[in-house]
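Chain by chain, the residues run as shown.
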Amino acid sequence: MDLDVRRIEKAVQVIDPVFLDTPQYLDEQLCRALGDRAVTVKVETANPVRSFKGRGADLMLSTLAPGTPVVCASSGNFGQAVAYAGRARGMPVKVFVPETVNPDKRERMETFGALVITAGTDGTSAREAAAAHAERHPHRVYLQDGLQAAIAEGAGTIGVELTRGASGGTGFDAVVLPVGDGALVNGVARWMKEHAPGTRIVGVNAEGAPSMRESLGAGRAVSVDHARTFADGIAVRSPLEASVRRARTLVDEIVLVTDEAIAAAMELAARTLGIVLEPAGAAGLAAIAEGAVPGDRLATVLTGANPRPEQVRELAARLTRPARNAPSPARRPAPGASGLAERTTSQAEENA
């Protein structure tokens, strides 16, 4: 195993404090809506990049010589994190993005000083363009979210904080995490397996982009033909072999959630927590609300709050309607029942 628990522990001394010690708590209204289960939420959105990605990006860049130019591909949040950390550390950053990138995420990457280059229709095309650029310019370091150990180990500091702040000191039956490139679930799992081995690690794929679930079933990285989901942060068509290899050892299960379940979880978070999440950021909450994860003491990470403008409008429309209870485990919403999910899925297809 190339992820090191000691490095995760030391990372809290290296990562920019703006990304650390994020709030984690039980919200009574949310817990009641989730069947009176004790569900701890960890809020990774109150930082300059509005996502957990800053932890891994900053730790990764700390391993490079000052001024080292870097290049990456991103659907938005990883690119923001690299741009922010790169500016702070004096490192020029180029980010390759798909044509379907969230315009707000692109603007924020540019605000943080990155040169953003559009490359192809999906995340795979952006990755290929970034890799080709790095090959032509060997002085640039090519960062791949989910590949370098330091990126996952930086995300693993979330696990440090979860074990330190577990409610009542009793720990969790399961920690539920959205899965895109796998850095988050693998980093947190590496720490939890060492320090809370009784806690199950449950990853969440969008039903329309089940690449990590299918890869774990096959025992190797496999691609899905299309990533059809409005959750662009987890719309990964082709997971990295290194990430799959780690997950085979560390992750207990990958569950699937529909776009409608994610949209309902976004609404639930807005109503109970007062937080506007992007779809990928609500995937773990969606799995719990759908009854896909057993246990009375659960934790999930709200991973991002960079929704598309149209997703914000649709969420606002949902909030004007009477509140609905969270779906019971026995009832799954009909696919396409949500305007929020239905109207934005086509824009995020294959956007890794």
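Everything below is about the structure shown above.
Now for a description of the structure that goes with this document.

1. Focus: the overall build of the chain
A count of helices and strands for the chain gives 15 helices and 10 strands. Oriented by its inertia axes, the alpha-carbon framework of the chain measures out at about 55 × 40 × 40 Å. Per-residue burial for the chain yields a buried fraction of 61% across its 352 residues. Long-range contacts, defined here as pairs at least 24 residues apart, represent 76% of the contacts in the chain between residues at least 6 apart. Total accessible area on the chain is roughly 13200 Å²; 49% of this is exposed by carbon and sulfur atoms.

2. Thoughts on the sheet that holds strand β3 (residues 70–73)
Overall, parallel pairing links the 4 strands, which are arranged β5-β4-β3-β6 in an open sheet. Each of the sheet's edge strands pairs with one partner strand only, and the pair in question is β5 (115–118) and β6 (141–143). Sheet twist, expressed as the mean angle between neighbouring strand axes with direction ignored, is 25°. In the sheet, β3 pairs with strand β4 (residues 93–97) via 4 bridges, with the strands oriented parallel. Bridged to Ala73 within β4 is Phe96. Across the sheet, helix α4 (residues 77–88) lies against β3, β4 and β6, angled at about 165° from β3, the strand it touches most. Most of the contacts of helix α6 (residues 123–136) go to β3, to which it runs at about 160°, and overall it touches β3, β4 and β6.

3. Some points on the nonpolar core
Soluble globular proteins tend to bury their nonpolar side chains together. In this structure, Val82, Leu143 and Val175 are the most contacted members of the largest nonpolar core, which totals 61 residues. Excluding its chain neighbours within four sequence positions, the residues that come into contact with Val82 are Ala57, Leu61, Val70, Cys72, Val93 and Leu143. Of all hydrophobic cores here, the second largest spans 41 residues; its members include Leu30, Ala227, Phe230 and Ala282.

4. Looking at helix α5 (residues 103–111)
Within α5 the residues assigned to the buried category are Lys105, Arg108 and Met109. Take α5 and look down its axis: the buried residues cluster within an arc of 105°, on one side only. Residues of α5 that are buried make contact with α4, β4 and β5. Where α5 begins, one side-chain oxygen reaches toward the backbone nitrogen of Asp104, 2.9 Å away; that side chain belongs to Asn102. Backbone geometry just after α5 places Gly113 at a positive phi near 100°.

5. Quick word on the packing of helix α9 (residues 183–195) against helix α11 (residues 241–250)
Contact geometry for α9 and α11: axes closest at 10 Å, N-to-C directions at 30°. It follows that α9 is roughly parallel to α11 by the angle criterion. Read as a crossing pair, α9 and α11 show a hand that is left-handed. Where α9 approaches α11, its residues Asn186, Ala189, Arg190 and Lys193 are matched on the opposing element by Ser243, Arg246, Ala247 and Leu250. Class assignment of the residues belonging to the contact of α9 with α11 gives a composition of 3 nonpolar, 2 polar and 3 charged.

6. Remarks on the environment of Asp58
In this structure, Asp58 sits in helix α3 (residues 53–62). On the accessibility criterion, Asp58 (4% relative accessible area) is buried. Here the alpha-carbon distance between Asp58 and Glu9, two residues 49 residues apart in the chain, equals 15 Å. Ignoring anything within four residues of it in the chain, the contact list for Asp58 reads Val14, Ile15, Asp16, Ala85 and Arg89. A polar atom in the side chain of Asp58 sits 2.8 Å from the backbone nitrogen of Asp16.

7. A word on the sheet that holds strand β7 (residues 174–178)
Here 6 strands make up an open sheet; going across it, the order is β1-β2-β10-β7-β8-β9 and the pairing mixed. If you trace the sheet from one side to the other, it starts and ends with β1 (24–26) and β9 (253–257), each paired once. For this sheet the average axis-to-axis angle between neighbouring strands, irrespective of direction, equals 25°.

8. A word on the environment of Val93
With respect to the helices, strands and loops of the structure, Val93 is situated in strand β4. Residues Val93 and Val71, spaced 22 residues apart in sequence, show a C-alpha to C-alpha distance of 5.7 Å. Excluding its chain neighbours within four sequence positions, the residues that come into contact with Val93 are Val70, Val82, Ala83, Gly86, Ala114 and Leu115.

9. Section: the packing of aromatic side chains
Here the structure, examined in full by the defined rule, presents 2 aromatic pairs. With a centroid separation of 5.7 Å and 80° between ring planes, the pair formed by Phe19 and Tyr84 is classed as edge-to-face. A residue pair is termed long-range when its members are at least 10 positions apart, and Phe19 in the loop between α1 (5–11) and β1 and Tyr84 in helix α4 qualify at 65 residues. Geometrically, the ring pair formed by Tyr84 and Phe112 is edge-to-face, given 5.4 Å between the ring centres and 85° between the ring planes. With Tyr84 in helix α4 and Phe112 in the loop between α5 and β5, the pair connects residues that are 28 residues apart, well separated along the chain.

Scoring rules and cut-offs
- Residues numbered from 1 in each chain as written.
- Predicted model: local features only at pLDDT ≥ 70, side-chain atom pairs only at ≥ 80, totals over all residues.
- Heavy atoms only, no water.
- Helix = DSSP H or I, 4+ residues; strand = E, 2+ residues; numbered from the N terminus.
- Buried < 20%, exposed > 50% of the residue type's maximum accessible area, 1.4 Å probe, protein only.
- Contact = heavy atoms within 4.5 Å.
- Areas by Shrake-Rupley, 256 points an atom, 1.4 Å probe, with all protein chains shown as cover.
- Pairing = 2+ DSSP bridges.
- Axes fitted to C-alpha atoms, helices over the stretch in contact; angles between N-to-C directions.
- Core = buried A, V, L, I, M, F, W, Y, C linked by side-chain atoms within 4.5 Å.
- Arc of directions from axis to C-beta.
- Polar contact = N/O pair within 3.5 Å; in protein donor to acceptor, adjacent residues only side chain to side chain.
- Parallel < 35°, antiparallel > 145°, perpendicular 65-115°, else oblique.
- Left-handed = near helix turned anticlockwise from the far one by under 90°.
- Nonpolar A, V, L, I, M, F, W, Y, C, P; charged D, E, K, R; others polar.
- Phe/Tyr/Trp six-rings, centres within 6.5 Å; stacked < 30°, edge-to-face > 60°.

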